[in-house]
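# Residue-level structural notes
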Amino acid sequence: MNEPDADISERLYAAILAARREEADALLFEFLDREGTEATLRGVLEPVLARIGERWGRDRISLAVAYVAGKVAEDLIERILSRADGTPGLAQGRAAVLGNAEDDYHGLGRRMVAAFLRVAGWRVVDLGCDVLPEAFVDAALAEGASVVGVSAMMLTNAKNIAAVRREIDRRGLGSRIKLAVGGAVFVMRPELVAEVGGDGSAATAMEAPALFERLAREAGA
Amino acid sequence: MTGLERVGAALQGRFADRRAATATLSLYGARLAGIALSRYYRDPEAYRLGQAAVVERFDPDIVFAPFALALEAEACGAGLAFFDKAPPNVRKPATLEGFLGGAAEPGAEEAGSFDAARFLDEPGPAYLLESIRLLARDNAGSRPVAAILTCPCDLPALVFGLDAWLETLLFDPPRAETLLAAAERRFLALAEACAEAGAMFAAMPVMFAQPKIIGEELVKAQIIPYISRVFARAPCPLVFHHGANPLGEILALFKELPGIAGFAMDERDDFRRARSVLGPGPLLLGGVNGPLVEGRGPERLRSMVAAVREATADDPRYVFATGAADLPYDTDPGHIDALLGAARA
């Protein structure tokens, strides 16, 4: 990282920690106009998100700060997508399918995961809340996705993820489509990941891109 | 002694014949009584039957009113989903108009237009209140009834969704103030009606007063002053429930809150340390988190209860209770026997 990148990273980090979203957006947009998409995403935002994610993983920052980080990431992606010169590589990366498990309506974690995946170059197909198992697998096949991410907050709904596992296996897609699971209940009960047939989980939304990367590799994507 | 006497003794700082012990078996009553949840969470008589089955099977020292916070959200305009093995949840968040009626704009004053009687007559509050009346009648003189209410700082999250409430709290202070004022009116109206219906106290899971959720600065600057003001006007004793996170590290933030009769702790909390932070006054409740009872065998549960009993042996103001959410529907009844049996031994 060169000196200007380091300076803007520090300022961006401080703005996010203080929940100053407009200031964070302004810093990133100005840098984007000057240095372009790749430098902004990979050189500035990703390292800052990694730093925040590391602190979040150690319980050193609040959900609100992580939320602001997700919003800032979303704002930047929107800005990039709206640019007249287009954004090769941003929205054409590997596809990931996301959704909340059947009967689950807690979408905050899923939306944060979507934001961080997009920053990491994934094309996210977000199916929303209360998604049936067949819909996850249908979408993964239609979009060529190698990873399906299913979120649930409560234990009862997390158990519905097992039906997604069964649907993937029933169609013989276990080696091609990997199942990422997440949500508060998996942090409280890590053994639940295996119980519902998940191929992996991440403790925070910011750790999701690394998980999806690993699972995509395992799927041969 | 009865459960009522044991809890009364704990409140007065006296040891009883044994520890008061309870588990949050609001949902579980439906399983014991064989009642579909779509009826159980709408029909007070069905709820009464379920809790009568809980009392007969497990004899808890405290019986709980419906643990179905989403019913409050419904009365604020949200749409619900009902499930086969879980309490109802919010399926469709409310609109601002639906929540505030004609006072939807930031800064608008809803106070004049809020009709408490009409709010309490909505299906959710009416069901909660009638359930409490029936439970209080059935358990009169034997065990207290605890209402479970949404903390006013959490109500907008329940009504509009976590992210919408975070967005408002962080980026739209005038609207946050409007919504908190509206939540205050609903909380006080419902708490007063619960007390009149026979609830001895009201437990509130609290999320949006936790630094882990919104950061310490916002908690201290906005939420603590707000809930202090609301709790000071509460018509019945309140139990500050840990929500889903341990309270120990942050307990000092809440120890001066008015109206708090006790703190319901997470199983990861250290009860000795909590007592040293809080001083001798408030009750401490907790022991094992309810949702985790299902996945632990009787021996493990007994050993966890033994550890908590040891940590609280000298503390007359301790009540054994399950923490976090309701016990899951599929929990083996033998696990509950092991848990409560160990707590009473």
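What comes next is a walk through the structure. Computed from a predicted structure; not experimentally measured.

Conventions used here
Residues numbered from 1 in each chain as written. Chains lettered and ligands numbered in written order. Predicted model: local features only at pLDDT ≥ 70, side-chain atom pairs only at ≥ 80, totals over all residues. Heavy atoms only, no water. Axes fitted to C-alpha atoms, helices over the stretch in contact; angles between N-to-C directions. Helix = DSSP H or I, 4+ residues; strand = E, 2+ residues; numbered from the N terminus. Parallel < 35°, antiparallel > 145°, perpendicular 65-115°, else oblique. Left-handed = near helix turned anticlockwise from the far one by under 90°. Contact = heavy atoms within 4.5 Å. Nonpolar A, V, L, I, M, F, W, Y, C, P; charged D, E, K, R; others polar. Buried < 20%, exposed > 50% of the residue type's maximum accessible area, 1.4 Å probe, protein only. Pairing = 2+ DSSP bridges. Salt bridge = Lys/Arg side-chain N within 4 Å of Asp/Glu carboxyl O. Polar contact = N/O pair within 3.5 Å; in protein donor to acceptor, adjacent residues only side chain to side chain. Core = buried A, V, L, I, M, F, W, Y, C linked by side-chain atoms within 4.5 Å. Expected span 1.5 Å × (residues − 1). Right-handed = clockwise from strand over helix to strand, strands pointing away. Phe/Tyr/Trp six-rings, centres within 6.5 Å; stacked < 30°, edge-to-face > 60°.

## A word on the packing of helix α16 (residues 298-311) of chain B against helix α17 (residues 333-344) of chain B
Residue and element names in this part refer to chain B. Where α16 meets α17, the axes come as close as 9 Å, and the angle between the chain directions of the two elements is 25°. By the angle between their directions, the pair α16 and α17 is classed as roughly parallel. Between α16 and α17 the crossing geometry is right-handed. Residue-level contacts link P298, L301, R302, V305 and R309 of α16 to H335, A338, L339, A342, A343 and R344 of α17. For the contact of α16 with α17, the class distribution of residues is seven nonpolar, one polar and three charged.

## Digging into the pairing of strand β3 (residues 147-151) of chain A
Residue and element names in this part refer to chain A. With five of its five residues buried, β3 lies for the most part within the structure. Of the two faces of β3, the one lined by V147, G149 and S151 and the one lined by V148 and V150 are each fully buried. Taken together, the five bridges between strand β1 (residues 95-100) and β3 define a ladder with parallel strand orientation. Bridged to N100 within β3 is S151.

## Side note on the interface of chain B and chain A
The interface of chain B with chain A comprises 24 residues on the first partner and 20 residues on the second. Remark: the boundary between chain B and chain A carries three salt bridges. D163(B) is the partner of R111(A) in a salt bridge, and the nearest nitrogen-oxygen pair spans 2.2 Å. Counting across the chain B and chain A interface gives eight residue pairs in polar contact (both at pLDDT 80 or more).

## A few points about the nonpolar core
Core analysis: the biggest nonpolar cluster contains 163 residues, and I16(A), F212(A), C153(B), I227(B), F231(B), F240(B) and F263(B) have the highest contact counts within it. Excluding residues that lie within four positions of it along the chain, F231(B) makes contacts with C151(B), P152(B), F187(B), M204(B), L238(B), F240(B), L257(B), P258(B), G259(B) and I260(B). Within the second largest apolar cluster, 28 residues are counted, among which are A152(A), A158(A), L173(A) and V196(A).

## Let's talk about the sheet that holds strand β6 (residues 238-241) of chain B
All names here are of chain B. Pairing in this open sheet of seven strands is parallel, and the strands run β1-β4-β5-β6-β7-β8-β9 from one edge to the other. At either end of the open sheet lies a strand with only one pairing partner, and these are β1 (63-64) and β9 (318-323). Pairing analysis gives two bridges linking β1 to strand β4 (residues 145-148), with the strands arranged parallel. Residue pairing for β4: F64 is matched across the bridge by A146.

## A look at the side chain of T204(A)
Residue and element names in this part refer to chain A. Looking at where T204 falls in the secondary structure, it is placed in the loop between β5 (200-201) and α11 (208-218). Note on T204: relative accessible area 8%, which makes it buried. For T204, the residues in contact, after removing those within four places along its chain, are W56 and G57.

## Here we look at helix α4 (residues 63-82) of chain A
Across its 20 residues, α4(A) extends 28 Å between first and last C-alpha, which sits within 8% of the 28 Å expected from 1.5 Å per residue. The element α4(A) is largely enclosed, with a buried count of 15 among its 20 residues.

## Section: the pairing of β1(A)
Residues and elements named next belong to chain A. Here β1 lies mainly inside the structure; six of its six residues are buried. What you see with β1 is no split at all: A95, V97 and G99 on one side and A96, L98 and N100 on the other are buried throughout. Bridge count for β1 against strand β2 (residues 123-126) is four bridges, and the pairing is parallel. Residue pairing in the sheet places A96 in a bridge with V124 of β2. Assessed by its sense of winding, the connection that carries the chain from β1 through helix α5 (residues 108-119) to β2 is right-handed.

## Some remarks on the packing of aromatic side chains
Each pair of aromatic rings is reported with the distance of its centres and the angle of its planes. All names here are of chain B. Taken as a whole, this structure holds twelve aromatic pairs over all chains when the rule is applied. Between Y28 and F58, the ring centres sit 6.0 Å apart and the planes meet at 55°, which makes this aromatic pair tilted. With a gap of 30 residues between them, Y28 in helix α2 (residues 28-33) and F58 in helix α4 (residues 44-58) connect regions that are remote in the sequence. Each member of the pair, Y28 together with F58, is buried. Arranged with centres 5.2 Å apart and planes meeting at 80°, the rings of Y40 and Y41 form a pair that is edge-to-face. According to the relative accessible area criterion, Y40 is buried, its value standing at 0%.

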